[in-house]
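# Inside the fold
Chain by chain, the residues:
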Amino acid sequence: MSAPVAITEPRLLGAAHCLATARLERHPVPRVSETFALANLDEAYAVQAAGMQQALAQGRRLCGAKAGLTSAALRAALKVDEPVYGRLFADTACLSGEAIAWERLLQPKVEIELALVLGHDLPAGEISHEQFLACIAGAVPALEINDSAIIGWQLTLMDAVADNISSGLYVLGDQPVPLAQLPTPNLLISLHKNAQPVLLDTSVALHDCLATGLWLVRKLARRGQPLRAGDVLLTGALAPMLDVGPGDHVRMVMGEHGAVECSFAGTTA
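What you are looking at is a predicted structure, and each value in this text was computed from that prediction instead of being measured. Within each chain, residue numbers correspond to sequence positions counted from 1 in written order. For a predicted model such as this one, the threshold for reporting local features is a pLDDT of at least 70, and the threshold for listing and counting side-chain atom pairs is 80 or more; totals across whole chains, interfaces and linings nevertheless cover every residue. To obtain the side-chain values, all non-hydrogen atoms of the structure were used and water was disregarded.

## As for the UniProt feature "domain: Fumarylacetoacetase-like C-terminal" (unreviewed entry) in the protein chain
Under the feature "domain: Fumarylacetoacetase-like C-terminal" (unreviewed entry), the UniProt entry names residues 80-262. For helices the rule is a DSSP run of H or I covering at least 4 residues; for strands it is a run of E covering at least 2, with both sets numbered from the N terminus onward. In this annotation, residues 80-262 is assigned 16% helix and 41% strand; the end-to-end C-alpha distance for the span is 33 Å. UniProt positions are given in the numbering used here, feature names are shortened, and annotations may be inferred rather than shown by experiment.

As structure tokens, this is what we get:
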């Protein structure tokens, strides 16, 4: 399997550096798709890869992947044939129940997701559905704290991809549940913000989440980035993004099969 190709073009490296600086300084920037004249999604992924190169060179560690644009209707509206993906870094993982410092973030929004935790390395080459299921240690409810580096979330799809699908932090429930113990075909999820219901017993198709996970691992394997035991897959938003601010508390419950929660500490100043 070929290794990921190093990005060397100054324009694309510049876009990646711009996004990284925006996060470091907590100062969102204009669309990099326009500032750096990104031509297409391939170039946006190249900027994402350049950002990953820079992060790894600084000693950060990859620990999984995330899918975006998993809604078929939204893809059709945007004339995109498949979901998009980004990578997860170990230093962005938070514990369930953690009070997350607002100072770590720029302009966060929360998505609820089903996460899959890998118990074994995925095999090299083409991955079958059966091989994929055999490698999953379990599923767990997750909160993804998306955090765009683009001013006011005024981003195009190319900006989102370049910015690692607006990846900020993520929070997992405490205990992955083996797939065999989950109800099929549907899970029931609920979401509360500050103890007030946002969603109650909303049905989610487990099959759809697994299909997205399989697409994600196959996509990365073909790009020379196979996933390993312990890695996490975020399989896409189960509801619209939720606005949050300092002092807010968010809790997601996955029926009788676990919960995940976090709060945001600090001020916007």
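## Side note on the packing of aromatic side chains
Stacked, tilted and edge-to-face pairs are distinguished by plane angle, under 30 degrees for stacked and over 60 for edge-to-face with tilted covering the rest, among Phe, Tyr and Trp rings (Trp via its six-membered ring) whose centres lie within 6.5 Å. In total, this model carries three aromatic pairs according to the counting rule given. The interplanar angle of 20 degrees and the centroid separation of 4.6 Å between the aromatic rings of tyrosine 45 and tyrosine 85 together place this pair among those described as stacked. Of this pair, tyrosine 45 sits in helix α3 (residues 41-57) while tyrosine 85 sits in strand β2 (residues 84-89), and the two are 40 residues apart along the sequence. Both residues of the pair, tyrosine 45 and tyrosine 85, count as buried. Both rings, one in tryptophan 102 and one in phenylalanine 264, keep their centres 5.9 Å apart while their planes meet at 85 degrees; by these two values the pair is edge-to-face. Of this pair, tryptophan 102 sits in the loop between β4 (99-101) and β5 (108-118) while phenylalanine 264 sits in strand β13 (residues 259-265), placing them 162 residues apart in sequence. A relative accessible area of 2% places phenylalanine 264 in the buried class. An aromatic cluster of three or more residues is present, and its members are Tyr45, Tyr85 and Trp215. Both a distance and an angle decide whether a charge sits over a ring: NZ of Lys or CZ of Arg must be within 6 Å of the ring centre and within 35 degrees of the ring normal. Here the guanidinium or amino end of arginine 60 rests over the ring plane of phenylalanine 89, the centre of that ring lying 4.2 Å away. One residue, arginine 223, lies across the ring of tyrosine 45, its end atom 5.2 Å from the ring centre. When accessible area is computed with a 1.4 Å probe and restricted to protein chains, residues below 20% of their type maximum are described as buried, those above 50% as exposed, and intermediate ones as partly exposed.

## A short note on unusual backbone geometry
Here the amide bond leading from threonine 184 into proline 185 is cis, since omega sits at 5 degrees, within 30 degrees of zero. For proline 185, the location among the structural elements is in the loop between β7 (169-172) and β8 (186-193). Although it is not a glycine, leucine 69 adopts a positive phi angle of roughly 55 degrees. Residue placement: leucine 69 occurs in the loop between β1 (62-68) and α4 (72-78). By relative accessible area, which is 14% here, leucine 69 ends up buried. Located in the positive-phi region is asparagine 164, a residue other than glycine, with phi close to 55 degrees. Assignment of secondary structure puts asparagine 164 in the loop between α6 (157-162) and β7. Residue classification places asparagine 164 among the buried residues on the basis of a relative accessible area of 14%.

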